[in-house]
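Tertiary structure, described
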Amino acid sequence: MFTANKLLDQMTPAKSDGSYFKFMDKITKTKLLITDDFGLKQIDHKQCNILLVIIR
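Examining the pattern of salt bridges
- Using the criterion set out here, one finds one salt bridge in the structure.
- The closest approach of N and O atoms between Lys41 and Asp9, which form a salt bridge, is 2.9 Å. Taken together, the residues span a long stretch of sequence, with Lys41 in the loop between β2 (35-36) and α3 (45-55) and Asp9 in helix α1 (residues 4-17) at a distance of 32 residues.

Right under this line is the structure:
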């Protein structure tokens, strides 16, 4: 289980350091991804796009 903040905190640097696709493979192989605590922290445009990719 991920909090939304924890997920985004891991995904944002993954886009910079080249581990993004490996992390996305891990996430997409999960049958059920539960994210909790949306709205506790403001997200920027990049993080919003990351969430949209995961939800699709």
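Structure shown, so let's carry the discussion forward.
What to know about the packing of α1 against helix α2 (residues 20-28)
- Between α1 and α2, the least distance of the axes is 8 Å, while the angle of their chain directions is 145°. In this structure, α1 contributes Leu7, Gln10, Met11, Ala14 and Lys15 to the contact, and α2 contributes Tyr20, Phe23, Met24 and Ile27.

Comments concerning the packing of α1 against α3
- Running from N to C, α1 and α3 point in directions that differ by 100°, and their axes come no closer than 10 Å. The pairing of α1 with α3 is recorded here as roughly perpendicular in orientation. Packed against α1, whose contacting residues are Leu7, Leu8, Met11, Thr12 and Lys15, the element α3 presents Gln47, Ile50, Leu51 and Ile54 at the interface.
- The class makeup of the residues in the contact of α1 with α3 is six nonpolar, two polar and one charged.

Reading the values: the criteria
- Residues numbered from 1 in each chain as written.
- Predicted model: local features only at pLDDT ≥ 70, side-chain atom pairs only at ≥ 80, totals over all residues.
- Heavy atoms only, no water.
- Salt bridge = Lys/Arg side-chain N within 4 Å of Asp/Glu carboxyl O.
- Helix = DSSP H or I, 4+ residues; strand = E, 2+ residues; numbered from the N terminus.
- Axes fitted to C-alpha atoms, helices over the stretch in contact; angles between N-to-C directions.
- Contact = heavy atoms within 4.5 Å.
- Parallel < 35°, antiparallel > 145°, perpendicular 65-115°, else oblique.
- Nonpolar A, V, L, I, M, F, W, Y, C, P; charged D, E, K, R; others polar.

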